[in-house]
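# Structural overview
Letter by letter, the chains look like this.
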Amino acid sequence: MRTGTVRTSTLRHMESLNMDRAAPILIHIYKEESTLEIWKQDRTGEFALLKSYPICKFSGNLGPKILEGDHQAPEGFYDITPEQMNPYSREYLSFNIGFPNAFDQSLGRTGSFLMVHGGCKSVGCYAMTDYEMEEIYGLVDEAFKGGQEKIQLAAFPFRMTTQNLARHADDPNVRFWELLKMGSDAFFATWRPPLVAVCDQRYVFNPVVSDSLDPSGPCPSGISTTSVAAAPRSSPKLSGPVSVYPSRSFGSLDRVIK
């Protein structure tokens, strides 16, 4: 059984970033940039970028997955649990990203066995090389062994900047992407993964209440999402190029059918 391996150079980088090896992680995926990022909690409780990995291949175009068999890679906010890990994958190593989530289900979206995996070929998944997947899987596995119960994976069409949204202003998915940007902004405002909930067939982030929300029903009166502009801001937590991220200054089991 494969378990993945975290490389010595990455362990040294963790220590330089003031991170414990077993600390929680989160995952960001950017389709247009073909990038998968691992963010990890440091000893201050905030998350910093640990490492970026090139996505070898994803199928489909920018935009969410709608139907089983459309070969489209999902976009949205998903949770990975230990039960979704597959050390016996025919694509070297894999984990199921959890599609469809409550948001997808509220819209009648269908699909199954959507993964991040090795093998460098995709019919609806995010495919990495075996070499990159070895370490990604290892980082996820170690976070679970360290006590993390679920790992947030956010899959975006592109880096969620105002400029990028403006470039795609005529795309029919732009309203959906505006929702994703709210979640992205909530993370970059605090360096902590936002609480994600669904009501009225839309994502809400860091709501005052979340347990009783009906994904398909109207949002309760008074429900609100934490204001990003008012959220606390701190020094950058980036170990890579800062220019691709929002400013921190005040302002603003495998199958073939996918």
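What you are looking at is a predicted structure, and each value in this text was computed from that prediction instead of being measured. (Residues numbered from 1 in each chain as written. Predicted model: local features only at pLDDT ≥ 70, side-chain atom pairs only at ≥ 80, totals over all residues. Heavy atoms only, no water.)

## Brief notes about the overall build of the protein
Keep this limit in mind: Runs of H or I in DSSP of at least four residues are treated as helices and runs of E of at least two as strands, each being numbered from the N terminus. Only the protein chains shown count as cover for residues, and the accessible areas themselves come from Shrake-Rupley with a 1.4 Å probe.
Each helix and strand in the protein was counted, giving five helices and twelve strands. Roughly 11,500 Å² of accessible area belongs to the protein as shown, and the carbon and sulfur atoms make up 53% of that amount.

## Structural notes on the pairing of strand β1 (residues 25-30)
The two faces of a sheet get side chains in turn, since along a regular strand they alternate between them. To be explicit about the condition: For the exposure calls, accessible area comes from a 1.4 Å probe over protein chains only, and a residue counts as buried if that area is under 20% of its type's maximum, exposed if over 50%, partly exposed in between. For two strands to be treated as a pair, DSSP must find at least two bridges joining them.
Taken across its six residues, β1 has six buried, putting it largely inside the fold. Note that β1 and strand β2 (residues 35-41) share six bridges and pair antiparallel. Following the sheet pairing, Tyr30 is matched in β2 by Thr35. Where β1 hands over to β2, the hairpin turn is made up of four residues, of which Ser34 adopts a positive phi near 50°. Here β1 pairs with strand β10 (residues 151-156) via four bridges, running parallel. By the bridge assignment, Ile29 is partnered in β10 with Ala155.

## Describing the state of the cysteines
Here is the rule: Note on disulfides: each one is a pair of cysteine sulfur atoms within 2.5 Å.
The full count for this structure, using the stated rule, is two disulfides. Residue pairing for Cys56: its cysteine sulfur links by disulfide to Cys120, the two sulfurs lying 1.6 Å apart. Linking Cys56 in the loop between β3 (47-54) and β4 (57-58) with Cys120 in the loop between β8 (115-117) and β9 (126-127), this pair joins segments that are 64 residues apart in sequence. Residue Cys199 pairs covalently with Cys219 via a disulfide, S to S 1.9 Å. Because the torsion about its S-S bond is 95°, the bridge between Cys199 and Cys219 counts as right-handed. Note that Cys199 is positioned in strand β11 (residues 196-199) and Cys219 in the segment after β12 (202-205), a separation of 20 residues in sequence. Of the two residues, Cys199 and Cys219, both sit in the buried class.

## Here we look at the layout of surface pockets
Counted only if it meets this: Definitions used throughout: a 1 Å grid over protein atoms alone; a cavity as a set of points that fits a 1.4 Å probe which cannot get out; a pocket as an open set with protein on both sides within 12 Å along at least five of seven lines; a lining residue as one with an atom within 4 Å of a point. Grid points are joined across faces, edges and corners, and a volume is the space filled by probe spheres set on the points.
Of the pockets and cavities examined, the largest pocket occupies roughly 550 Å³. For the largest pocket, the lining is made up of 27 residues, of which Asp79, Lys150, Gln152, Leu195 and Val196 are closest to its centre. Of all the elements in the fold, those that place two or more residues in the lining of the largest pocket are β1, β5 (76-80), α2 (102-106), β10 and β11.

## Observations regarding the sheet that holds β9
Let me state the cut-off plainly: Contacts are assigned to residue pairs with any non-hydrogen atoms lying within 4.5 Å of each other. A fitted line through C-alpha atoms represents every axis, and for helices the fit uses only the stretch in contact; the resulting angles, taken between N-to-C directions, go from 0 to 180 degrees.
The five strands lie next to each other as β4-β9-β8-β7-β6, forming an open sheet whose pairing is mixed. The sheet is open, and its two borders are formed by β4 and β6 (85-86), each paired with just one other strand. Where β6 lies against strand β7 (residues 94-96), two bridges are found, and the strand directions are antiparallel. From the neighbouring strand, Asn86 faces β7, where its bridge partner is Ser94. Helix α3 (residues 130-145) contacts β6, β7 and β8 of the sheet and is inclined by roughly 55° relative to β7.

## Concerning the packing of aromatic side chains
In plain terms, the rule: The aromatic pairing rule takes the rings of Phe, Tyr and Trp, using the six-membered ring of Trp, and pairs them if the centres are within 6.5 Å, calling planes under 30 degrees apart stacked, those over 60 edge-to-face and the rest tilted.
Within this structure, the stated rule accounts for 16 aromatic pairs. Ring geometry for Phe77 against Tyr203: centres 5.5 Å apart, planes inclined by 70°, an arrangement best described as edge-to-face. You can see Phe77 sitting in strand β5 and its partner Tyr203 sitting in strand β12, a full 126 residues away along the chain. Like Tyr203, Phe77 is buried. On the numbers, 5.1 Å between centres and 70° between planes, the contact of Phe187 with Phe188 is edge-to-face. The same class applies to Phe187 and to Phe188, which are both buried. Every member of this aromatic cluster is reached through a ring pair, and the members are Tyr30, Phe77, Phe103, Phe156, Phe176, Tyr203 and Phe205.

## What about the pattern of salt bridges?
Convention followed: The term salt bridge refers to a pairing of a side-chain nitrogen on Lys or Arg with a carboxyl oxygen on Asp or Glu at a separation within 4 Å.
Under the defined criterion, the tally for this structure stands at 15 salt bridges. The residue Arg192 makes a salt bridge to Glu46 at a minimum N-O spacing of 3.8 Å. On the criterion of sequence distance, the pair formed by Arg192 in the loop between α5 (174-190) and β11 and Glu46 in the loop between β2 and β3 is long-range, its members being 146 residues apart. What makes Glu46 buried here is its relative accessible area of 13%. Measuring nitrogen to oxygen at the nearest pair gives 3.6 Å for the salt bridge that ties Glu178 to Arg175. Here Glu178 and its partner Arg175 are both found in helix α5, three residues apart, which amounts to about one turn of the helix. Owing to a relative accessible area of 37%, Glu178 belongs among the partly exposed residues under this scheme. Arg175 gets classed as exposed once you look at its relative accessible area, which sits at 64%. A network of salt bridges, in which partner residues are shared, links Arg7, Lys51 and Glu135.

Read these as geometric descriptors, not functional statements.
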